[in-house]
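Chain and residue survey
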Amino acid sequence: MKIASIVGARPQFIKAAPVSREIRQHHEEILIHTGQHYDENMSDVFFEILDIPRPNYNLGVGSGSHGRQTADMMRGLEDVLEKERPDLVLVYGDTNSTLAGALVAAKMGMPLGHVEAGLRSFNREMPEEVNRVVADHLSSLLFAPTETAISNLTREGITRGVHLVGDVMYDVALQSAQAARSRDTVGRLGLTRGEYILVTLHRPQNVDQKETLSSIVEALVNAGRPVVFPVHPRTRKNLAAFGLWDRLSAKVKAIEPVDYLDFIALLMASAKVVTDSGGVQKEAYFFGVPCVTLRDETEWMETMEDGWNALVGAETEDILHAIRNFNPEGIKSKSFGDGHAAEHIARILDKFV
Ligand code: UD1
Ligand code: UDP
């Protein structure tokens, strides 16, 4: 079977890595990069470090408003899919690249598979929520990472083509842990294992308004312990625009985004993670690192249920309280699969006609 996989943003390169490896054993894969993320440290490094094949196409759409960016992607995708005529289109997660891929496949009458189907934050103000809902409702094959995702789909009347396969990010995390451990990322950055806080931040609701971003920055500079912060380009731009960069860099080790192995190395050796990322909440859970999430809701309820993830929003005092006092110790009983989600996806695709 000929499968067209569509990726475009950092977390999608990571998700596609194990799936691409598996599906190429029995199928022809055409890998299409929309170009949504384009900085070397947001894109190329992931292809190198995770050994992802070079994309057959890079549409080079770059940044823009949601409508423009998605429209540019759709235009490019239609041309490529018209030329390649795949038997199935595969999309990942919930970005605008997911949305564009799903819409174009559906309009061209091509079967669609969605990896990481069924996630919901129940907050339609998040662009990702809209993207996921659309992708799920257009998919013939829905690869759900968790039982919660299956329930969400059932509630929306989606039961056909739904498969519980586990989380492909868990596959990658397990496969990469050893290589990450052997890296001296922590020492290289002048940090001490178990003592520092790792921060990531990029949600528009946290970084696009000066007041909110400033509230978060105040918490980070007053954390009372070392903080390392690989800064997403959206956030870097806004920290500069709002005049917050200098305030931050006095106390916080603000660095460029790092590659996946360096990130996992930093995560495993951190005392706590402070984040608004979807993927990072899960990785903190996988490696037993307490996670302070700067949001009011999460798609990843499993990380909350055993008490390893605290949702605190963006108020300085709430963040500081969690940084000082959130110290979960209990068991981690929730399943993100058996570490072979990509293989399960590939076996299902083998049978798809
Ligand atoms: C996107 C996804 C989000 C995902 C995140 C992962 C959507 C709507 N959002 O958010 O779901 O969690 O990726 O990181 O699809 N920029 C650069 N260089 C780059 C990429 C972006 O400078 O390589 C800057 C540009 O100023 C751009 C801004 O970051 O305008 C935002 O990029 P964009 O891809 O639109 O959204 P993200 O915030 O990255
Ligand atoms: N990540 C990385 N380098 C960084 C920050 C994050 O490799 O500097 C990885 C992280 O391990 C996780 C993924 O990027 O696997 C999460 O991506 P992001 O937070 O951009 O998107 P989200 O998961 O929120 O969609």
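The structure contained in this document is the topic of the report that follows. Note that the coordinates shown come from a computational prediction; the quantities given were computed from them, not determined experimentally.

1. Details of the overall build of the protein
Of the regular secondary structure elements, the protein holds 17 helices and 13 strands. Expected size for 353 residues packed as a compact globule is a radius of gyration near 20 Å; at 20 Å, the protein falls within 12% of this value. Here the C-alpha coordinates of the protein stretch approximately 55 × 40 × 40 Å along the principal axes. Of the contacts formed within the protein by residues at least 6 apart in sequence, a portion of 69% connects residues at least 24 apart. A total of about 14,500 Å² of accessible surface is found on the protein, and carbon and sulfur atoms cover 47% of it.

2. Topic: the site of ligand 2
Near ligand 2 lie 17 residues; those nearest to it are Arg 203, Val 258, Ser 277, Gly 279 and Glu 283. In this structure, Arg 203 approaches ligand 2 through a side-chain N or O atom, which is 2.8 Å from an oxygen atom. A total of 540 Å² of accessible area belongs to ligand 2 in isolation, and the protein chains cover 96% of it. Secondary structure elements with two or more residues in the shell around ligand 2: helix 1 (10–23), helix 13 (260–268) and helix 14 (278–286). Looking at side-chain class alone, the shell around ligand 2 contains nine nonpolar, four polar and four charged residues.

3. Overview of the site of ligand 1
Around ligand 1 there are 20 residues in total, and His 37, Asn 96, Glu 128, His 202 and Arg 234 lie nearest to it. Within the side chain of His 37, an N or O atom sits 2.7 Å from an oxygen atom of ligand 1. Between ligand 1 and His 232 there is a distance of 3.1 Å, counted from an oxygen atom to a side-chain nitrogen or oxygen. Contact with the protein chains removes 89% of the 740 Å² of surface that ligand 1 exposes when unbound. Of all the secondary structure elements, the ones that give two or more residues to the shell around ligand 1 are helix 3 (66–84) and helix 11 (233–241). Among the elements that take part in the shell around ligand 1, helix 11 stands out by supplying three residues, more than any other. Among the residues making up the shell around ligand 1, the classes are represented as five nonpolar, nine polar and six charged.

4. Regarding the sheet that holds strand 13 (residues 309–311)
Strands sit in the order 10-9-8-11-12-13 across an open sheet of six strands; the sheet is parallel. Edge positions in the sheet fall to strand 10 (253–255) and strand 13, since each has one partner strand and no second. Taken pair by pair, the neighbouring strands of this sheet meet at an average axis angle of 20°, ignoring direction. Against the sheet, helix 14 engages strand 8 (197–200), strand 11 (272–275), strand 12 (291–293) and strand 13, with an angle of about 165° to strand 11. Contacts between helix 16 (residues 316–325) and the sheet are confined to strand 8, strand 11 and strand 12, with strand 11 contributing the most and set at about 160° to the helix.

5. Some remarks on the environment of Leu 142
Structurally, the position occupied by Leu 142 is in strand 6 (residues 141–144). Of the residues examined, Leu 142 reaches a relative accessible area of 0% and is grouped as buried. In sequence terms Leu 142 and Ala 117 are 25 residues apart; their C-alpha atoms lie 5.4 Å from each other. Residues contacting Leu 142, with those up to four places away along its chain left out, are His 114, Ala 117, Asp 136, Leu 153, Ile 158, Arg 160, Gly 161, Val 162 and His 163.

6. So, the packing of helix 10 (residues 210–221) against helix 16
For the pair helix 10 and helix 16, the least separation of the axes is 8 Å and the interaxial angle reads 30°. Compared by their axis directions, helix 10 and helix 16 come out roughly parallel. Handedness of the crossing formed by helix 10 with helix 16: right-handed. Residues Ser 215, Ile 216, Glu 218 and Ala 219 of helix 10 form the contact with helix 16, whose own contacting residues are Thr 316, Ile 319 and Leu 320. Partitioning the contact of helix 10 with helix 16 into residue classes produces four nonpolar, two polar and one charged.

7. Structural notes on unusual backbone geometry
Located in the positive-phi region is Asp 51, a residue other than glycine, with phi close to 55°. Its place among the elements puts Asp 51 in the loop between helix 2 (44–49) and strand 3 (57–58). Classification of Asp 51 as exposed rests on a relative accessible area of 66%.

8. A few points about the packing of helix 13 against helix 14
Close contact between helix 13 and helix 14 brings their axes to 10 Å; oriented N to C, the two are set at 50°. By the angle between their axes, helix 13 is oblique relative to helix 14. At the point where helix 13 passes helix 14, the crossing takes the right-handed sense. Across from Tyr 260, Phe 263, Ile 264 and Leu 267 in helix 13, the residues of helix 14 making contact are Val 280, Glu 283 and Ala 284. Per-class residue counts for the contact of helix 13 with helix 14 are six nonpolar, no polar and one charged.

9. Side note on the sheet that holds strand 3
Hydrogen bonds between backbone groups are what pair the strands of a sheet, and the pairing can be parallel or antiparallel. With parallel pairing, seven strands are arranged side by side in an open sheet as 3-2-1-4-5-6-7. Edge positions in the sheet fall to strand 3 and strand 7 (162–164), since each has one partner strand and no second. Bridge count between strand 6 and strand 7: three bridges; the pairing is parallel. If you follow Ala 144 over to strand 7, its bridge partner there is Leu 164. Strands strand 1 (2–7), strand 2 (28–33) and strand 4 (88–92) of the sheet are contacted by helix 1, whose axis makes an angle of about 145° with strand 4. Most of the contacts of helix 5 (residues 127–138) go to strand 5 (residues 112–115), to which it runs at about 135°, and overall it touches strand 5 and strand 6.

Cut-offs and rules
Residues numbered from 1 in each chain as written. Chains lettered and ligands numbered in written order. Predicted model: local features only at pLDDT ≥ 70, side-chain atom pairs only at ≥ 80, totals over all residues. Heavy atoms only, no water. Helix = DSSP H or I, 4+ residues; strand = E, 2+ residues; numbered from the N terminus. Rg over C-alpha atoms; globule rule 2.2 N^0.38 Å. Contact = heavy atoms within 4.5 Å. Areas by Shrake-Rupley, 256 points an atom, 1.4 Å probe, with all protein chains shown as cover. Near = heavy atom within 4 Å. Polar contact = N/O pair within 3.5 Å; in protein donor to acceptor, adjacent residues only side chain to side chain. Nonpolar A, V, L, I, M, F, W, Y, C, P; charged D, E, K, R; others polar. Pairing = 2+ DSSP bridges. Axes fitted to C-alpha atoms, helices over the stretch in contact; angles between N-to-C directions. Buried < 20%, exposed > 50% of the residue type's maximum accessible area, 1.4 Å probe, protein only. Parallel < 35°, antiparallel > 145°, perpendicular 65-115°, else oblique. Left-handed = near helix turned anticlockwise from the far one by under 90°.

Function cannot be inferred from these measures alone, as they are strictly geometric.
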